[in-house]
Amino acid sequence: MTPATKLVIGCLTVFTATTLDNPASADRWSQFRGDQMDGIARTQHPQRWSETENVRWSVEVPGEGWSCPVVWENQVFLTAAVPVTESASSGPEEYSGGGGSRRDDLTRVTYRWQVICLDATTGKEIWRQTAREGRPTMGRHSSNTYATETPATDGRYVYAYFGMTGLYCFDMAGNKVWEKDLGSYPMRAGWGTSSSPVLFDDKLFLQVDNEQQSFLVAIDAETGDEVWRVDRDEKSQYSSPILWSNSRRDELIVGGMHYRSYDPQTGTLLWKLDMEKGRSSATPLAVGDRLYVGTEYRNRGGADDGGGFLFAIKPGGSGDITPPAGQSQTEHVAWKIERSGIQMASPAYCNGKLYLLERRSGVIHCVNAETGSTVYRSRVPRARAFWSSPWTDSDRMYCVDTSGTTYVLATGDELNVLGTNEINEMTWSTPAIADAAVYFRTASKLYCIATP
């Protein structure tokens, strides 16, 4: 069994999953939102940067990809879908609202789905391997990419998941170890996929929600063999699962119109929570013995109309833990709030407060993590849309808008913008933070931001 390490962040006691031979480390950011999947940086990094200031190196990244970089000691990994015949129109486009457009024409383009390994100190390419070459199995939203899922690494292998294109395992030297085809299923409105894998206890967990045959699957990280699979009564969702290691047990948390908790060893359903519809795009957040889950409020005349609620969950639940009508607290639900502001970006936590970013309005919601009461709701001046998930350190929050500007906020009782750091390029990818550096991916480049 994986032991739990106890530490304190702000006012909450945190039980973090570690293994004896693979402890959490400040020079690692091994999967989406970091080793602990919480977006908390455990290493200090520069507070100011631009395209030239505090840039240790920057490199061009051919192709397209909103996947986030991951870091293991001195290696940085990222993925990309590279058109074999370069086309200026094949990359992602700025989202303009109103549902956007579907790009079916891209299924006629041949891509190379690639995994790239860079030296973290110099940015020099160590290796680049093509996992697959061919045409996409489906179209995608004009603002999405064919490499949106973030890879994961355990220091032995790097695991690259390209949605309906397949799952691939490489060793740290770039040799392909195994690959697995999980099938191709239609997604809502042809928008494509985005749910990243989570790595825990030598297993990869993948949420494959779609319009035809949704399921959750556990894959043996060593061999690629399927350990277990459970069907899910959900349609297309876009959030990523997380592992909640609380004081009672380990739980695999998976979003949807019903949030569900599964036993990561067997796939057994532990509990479910009715989210009152909405869309699950933001990845949940676990901090100690509190789990925060929510769906985006929808009001467009669709089957997912509703949602917008944020729940704080306590450990130990079983069965249906949905509060009765008119109630916001139960034995296993600490609180429930409506119109929380949760949308695409995942929640962030710092010093007893939760931060939620609205997508297009530049509005930030600050919530007391213990009580669910609103601390403030304010518009970040001049901010554009927030799609990238924020991160925090000991007393600051960092949020990146689509123009590449990072807003540095103090974590107090009112909005206080400490500074803005501008990299003038479309940015949806969430940065990785490791070894006192920020690895910042834009539509065409990867920057290593660090003090010279």
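Residues numbered from 1 in each chain as written. Predicted model: local features only at pLDDT ≥ 70, side-chain atom pairs only at ≥ 80, totals over all residues. Heavy atoms only, no water.

Asks: What's the story with the overall build of the protein chain in this structure? I'm lost.
Replies: The secondary structure content of the protein chain amounts to zero helices and 38 strands. For the protein chain, the C-alpha radius of gyration of 20 Å lies close to 22 Å, the compact-globule estimate for 452 residues. The 452 residues of the protein chain split such that 62% are buried. Summarising the internal contacts of the protein chain: among those between residues at least 6 apart in sequence, 59% fall at separations of at least 24. Entry remark: accessible area of the protein chain is about 16700 Å², with carbon and sulfur atoms responsible for 44%. The centroid of the 45 positive side-chain charges in the protein chain is displaced by 4 Å from the centroid of its 55 negative side-chain charges. (Helix = DSSP H or I, 4+ residues; strand = E, 2+ residues; numbered from the N terminus. Rg over C-alpha atoms; globule rule 2.2 N^0.38 Å. Buried < 20%, exposed > 50% of the residue type's maximum accessible area, 1.4 Å probe, protein only. Contact = heavy atoms within 4.5 Å. Areas by Shrake-Rupley, 256 points an atom, 1.4 Å probe, with all protein chains shown as cover. Lys, Arg positive; Asp, Glu negative; His and termini not counted. Charge placed at Lys NZ, Arg CZ, Asp CG, Glu CD.)

Asks: Would you take a moment to explain the sheet that holds strand 34 (residues 405–410) for this structure?
Replies: Note: strands within a sheet are paired through backbone hydrogen bonds, in either parallel or antiparallel orientation. Overall, antiparallel pairing links the four strands, which are arranged 32-33-34-35 in an open sheet. Two strands in the sheet have a free side with no partner beyond their single neighbour: strand 32 (391–392) and strand 35 (417–422). Across five bridges, strand 33 (residues 396–400) lies against strand 34 in antiparallel orientation. Bridge assignment links Cys399 to a residue of strand 34, and that residue is Tyr407. (Pairing = 2+ DSSP bridges.)

Asks: I'm lost on the packing of aromatic side chains in this one. Help?
Replies: Each aromatic ring pair is characterised by the separation of its centres together with the angle its planes make. Applying the stated criterion to the full structure yields 16 aromatic pairs. Ring centres of Tyr159 and Trp178 lie 6.2 Å apart, and the angle between their planes is 40°; on these two criteria the pair is classed as tilted. One end of the pair, Tyr159, is in strand 12 (residues 157–161); the other, Trp178, is in strand 14 (residues 176–180), with 19 residues separating them in the sequence. Summarising the burial analysis for this pair, Tyr159 and Trp178 share the class buried. Linked through ring pairs, Trp66, Trp387 and Trp428 together constitute an aromatic cluster. Here the guanidinium or amino end of Lys336 rests over the ring plane of Phe309, the centre of that ring lying 4.6 Å away. Arg339 extends its terminal NZ or CZ atom over the ring of Tyr297, reaching a point 3.9 Å from the ring centre. (Phe/Tyr/Trp six-rings, centres within 6.5 Å; stacked < 30°, edge-to-face > 60°. Lys NZ or Arg CZ within 6 Å of the ring centre and 35° of its normal.)

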